[in-house]
Number of protein chains: 2
Amino acid sequence: MKRIADSTVRRLSAYLRFLEDFEARAQPTISSDELAKLGGTTSAQVRKDLSFFGSFGKRGLGYSVPELAGRLREILGLGREWKVVIIGAGKIGAALAQYRGFRQRGFTILAAYDSNREKVGKTLEGIPVRDIEQLDRDIQREKPDIVVLTVPGEEAQRVLDRVVRAGIKAILNFAPAQLHAPADVAVKTVNMAMELEGLSFALTNRE
Amino acid sequence: MKRIADSTVRRLSAYLRFLEDFEARAQPTISSDELAKLGGTTSAQVRKDLSFFGSFGKRGLGYSVPELAGRLREILGLGREWKVVIIGAGKIGAALAQYRGFRQRGFTILAAYDSNREKVGKTLEGIPVRDIEQLDRDIQREKPDIVVLTVPGEEAQRVLDRVVRAGIKAILNFAPAQLHAPADVAVKTVNMAMELEGLSFALTNRE
DNA sequence: TTTAACTTGTGAATCAATTCACAAGCCTTT
DNA sequence: AAAGGCTTGTGAATTGATTCACAAGTTAAA
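All of these numbers come straight from a predicted model, not from anything done at the bench.

Chemist: Explain the overall build of chain A to me, and be specific about the residues and the numbers.
Modeler: The helix and strand tally for chain A stands at nine helices and 10 strands. Reported as C-alpha extents along the three principal axes, the dimensions of chain A are approximately 60 × 50 × 35 Å. Counting every position in chain A, which comprises 207 residues, the buried fraction comes to 40%. Restricting the contact set of chain A to residue pairs at least 6 apart, pairs at least 24 apart contribute 55%.

Chemist: Explain the packing of helix H9 (residues 192-204) of chain A against helix H1 (residues 6-24) of chain B residue by residue, including any values.
Modeler: Running from amino to carboxyl end, H9 of chain A crosses H1 of chain B at an angle of 115°, the nearest separation of the two axes being 9 Å. Note that H9 of chain A runs across H1 of chain B; the crossing there is right-handed. Two secondary-structure elements touch here, H9 of chain A through Met194, Glu197, Gly198 and Phe201 of chain A and H1 of chain B through Asp6, Val9, Arg10 and Ser13 of chain B. A per-class count over the contact of H9 of chain A with H1 of chain B returns three nonpolar, two polar and three charged.

Chemist: Tell me what's going on with unusual backbone geometry, and back it up with residues and numbers.
Modeler: All names here are of chain A. The residue lysine 143 is not glycine, and still its phi comes out positive at about 45°. When you line up the elements, lysine 143 lands in the loop between helix H7 (135-142) and strand E8 (146-149). With 12 C-beta atoms packed within 10 Å, lysine 143 lands in the exposed category.

Chemist: I'd like a rundown of the protein's contact with DNA strand C, residues and numbers included.
Modeler: In the vicinity of DNA strand C, 30 residues are found, and the nearest of them are Ala5 and Gly60 of chain A together with Ser55, Gly57 and Gly60 of chain B. Of all the secondary structure elements, the ones that give two or more residues to the surface near DNA strand C are helix H1 (6-24) and helix H3 (43-51) of chain A together with helix H2 (32-39), helix H3 (43-51), strand E2 (57-58) and strand E3 (62-64) of chain B. Among the elements that take part in the surface near DNA strand C, H3 of chain B stands out by supplying six residues, more than any other. Grouping the constituent residues of the surface near DNA strand C by class yields eight nonpolar, 14 polar and eight charged.

Chemist: Can you tell me about the protein's contact with DNA strand D, naming the residues and giving the values?
Modeler: With respect to spatial proximity, 29 residues lie near DNA strand D, and among them Ser55, Gly57 and Gly60 of chain A together with Ala5 and Gly60 of chain B are the closest. Elements supplying a minimum of two residues to the surface near DNA strand D: helix H2 (32-39), H3 and strand E3 (62-64) of chain A together with H1 and H3 of chain B. The greatest single-element share of the surface near DNA strand D, amounting to six residues, is contributed by H3 of chain A.

Chemist: Quick one: what's the story with the relation of the copies chain A and chain B, residue by residue and with numbers?
Modeler: With an RMSD of 0.0 Å, the operation that places chain A on chain B is a rotation of 180° combined with a shift of 0.0 Å along the axis. The superposition operator between the copies reduces to a two-fold rotation axis. A shared binding surface is used by both copies, with 100% of the interface residues of chain A retained as interface residues in chain B.

Chemist: Can you break down the sheet that holds E3 of chain A residue by residue, with the values?
Modeler: Residue and element names in this part refer to chain A. Taking strand neighbours across the sheet as the criterion, the three strands line up as E1-E3-E2 in an open arrangement whose pairing is antiparallel. The strands lining the two open edges of the sheet, one partner per strand, are strand E1 (29-30) and strand E2 (57-58). Pairing between E1 and E3: two bridges, direction antiparallel. Paired with threonine 29 across the strands is serine 64, a residue of E3. Together, E1 and E3 form the strand contacts of helix H4 (residues 65-76), whose direction differs from that of E3 by roughly 75°.

Chemist: Residues and numbers for the nonpolar core, please.
Modeler: Counting 127 residues, the largest nonpolar core has Leu149 of chain A together with Leu149 of chain B as its most contacted members. Those residues within four positions of leucine 149 of chain B in sequence are excluded, and the remaining contacts are Ile87, Gly88, Ala156, Val159, Leu160, Ile171, Leu172, Asn173, Phe174 and Ala175 of chain B.

Chemist: Tell me about the sheet that holds strand E9 (residues 170-173) of chain A, and name the residues and values.
Modeler: Residues and elements named next belong to chain A. Read from one edge to the other, the open sheet built from seven strands follows the order E6-E7-E5-E4-E8-E9-E10, with strand pairing classed as mixed. This sheet does not close on itself; its edge strands, each paired only once, are strand E6 (123-124) and strand E10 (186-189). The pairing of E9 with E10 spans four bridges and is classified as parallel. Note that in E10 the partner of isoleucine 171 across the bridge is valine 187.

Chemist: Explain the pairing of strand E5 (residues 107-114) of chain B to me, using residue names and the numbers behind them.
Modeler: All names here are of chain B. Most of E5 sits out of view: six of its eight residues are buried. The sheet contact formed by strand E4 (residues 82-87) and E5 spans six bridges and is parallel. Bridge pairing in E5 places isoleucine 87 opposite tyrosine 113. Across three bridges, E5 lies against strand E7 (residues 127-131) in parallel orientation.

Chemist: Residues and numbers for the interface of chain A and chain B, please.
Modeler: In this assembly, 48 residues from chain A lie in contact with 48 residues from chain B. Looking at the side of chain A that touches chain B, the elements with two or more residues in it are H1, H2, helix H5 (91-97), E9, E10 and H9 of chain A. It is H9 of chain A that provides the largest number of residues to the side of chain A that touches chain B, a total of 13 residues. For the side of chain A that touches chain B, the residue count by class is 26 nonpolar, 12 polar and 10 charged.

Chemist: Could you give an account of helix H4 (residues 65-76) of chain B, with specific residues and numbers?
Modeler: Because the α-helix completes a turn every 3.6 residues, residues three or four places apart line up on one side. Look at H4 of chain B: 16 Å from first C-alpha to last across 12 residues, which is about the 16 Å you get at 1.5 Å a residue. Inspection of H4 of chain B places Val65, Leu68, Ala69, Leu72, Ile75 and Leu76 of chain B among the buried residues, and these make up the whole buried set. The arc enclosing the buried residues of H4 of chain B, seen along the axis, measures out at 125°, which places them on a common side. On the buried face of H4 of chain B, the contacting elements are H9 of chain A together with H1, strand E1 (29-30) and E3 of chain B.

Definitions and cut-offs
- Residues numbered from 1 in each chain as written.
- Chains lettered and ligands numbered in written order.
- Predicted model: local features only at pLDDT ≥ 70, side-chain atom pairs only at ≥ 80, totals over all residues.
- Helix = DSSP H or I, 4+ residues; strand = E, 2+ residues; numbered from the N terminus.
- Buried ≥ 20, exposed ≤ 12 C-beta atoms within 10 Å, placed from the backbone.
- Contact = placed C-beta atoms within 7 Å.
- Axes fitted to C-alpha atoms, helices over the stretch in contact; angles between N-to-C directions.
- Left-handed = near helix turned anticlockwise from the far one by under 90°.
- Nonpolar A, V, L, I, M, F, W, Y, C, P; charged D, E, K, R; others polar.
- Near = placed C-beta within 6 Å.
- Least-squares fit on C-alpha atoms with pLDDT ≥ 70 in both.
- Pairing = 2+ DSSP bridges.
- Core = buried A, V, L, I, M, F, W, Y, C linked by C-beta atoms within 7 Å.
- Expected span 1.5 Å × (residues − 1).
- Arc of directions from axis to C-beta.

No statement about biological role is implied by the geometric values presented.
Pasting the structure below:
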């Protein structure tokens, strides 16, 4: 299969969100133009994005809302449960642990890990906090699919190396660090400082 | 000035991070190739990124670390203080309020706002939580530069419209919603669900 | 001085993403 | 059954980003 651009996947994700709204309101069909308006893009872009995966629409009519939603869930791999562990039981870890969007989309948080003995044994928004020491063992046993990193920047690469060695293939990183991973491991980084500096740049360089 | 791509600005931000490490270690110069390796890109990319803003290096030698760091701070608009308010004093708001990276880079959090009377009057990690009702008045008086949105998705657009009307030109959005704003308003959205679905896609569509 | 080893800055070339534009298909009305 | 109004799917064209490749400048050593 041809390599799909990251930007395309993000848009598919957005389309699915809109489709779910329409599903809830029982609207039967939607056109590429409607999806485009909602997503701030163009109808050609919407059709091109979908065309990488097949042709799901009816000329003259548009797309069946439930059918397209189903297809997108399939494409995005949302038909199954993904098991997630959070490493770092700080404020960000806590915020993520209570985030409903996780569960809603089939992401189950198994546990959080921390090295702080104060936190271990307690729960974080109902999720057990375990000792980081048992991480490797637990990965063997529970086979999580995704690791969310909310550790300090200095530790992020070390933890990443460790979970990659244990077989993890997908990482969502909130640590402010540039991480390096093998090509077969998907890493997404959310870097607040970078976003803020993007805004600072935009405010500074206005024509 | 020619339009600078978002990806370029993000890389500049990354380069600055590396330069600060080198500054701390008092290394006097650095080459585009070293920066590239750290940032997971190529030396040509580094030089091209910088070339949009001038020529800061010395052939045969590389870049003076403190000079280039200074230039990048200038380009990114980090020479001044940016005033930030957080709207939504929930878990994510709390996580952001305590995030040290903010202050470190000259972003001062003035206040958090919430509609929940329970929270108003208290503090969030040392930051006062104010009634959302006084937001417009406070924006007039304190003139914040950046608004961070951590409200529920359904409310995000309404709050955005409101702060835009009050004159805000930069918004960092954590609500899972597609926001629409006038062209002269910079909006950056951090959408956890989208990142997770990106990982789900990557795990699903592995060749 | 001359030479060798580096490294920048930048047009040109390539690669990638987006937009255009239109034939082809579907539905409704007459 | 024909016409009119929509809307898709997709090659082609365009626009944008990245990579190539090399002249030109710098330093250090001989």
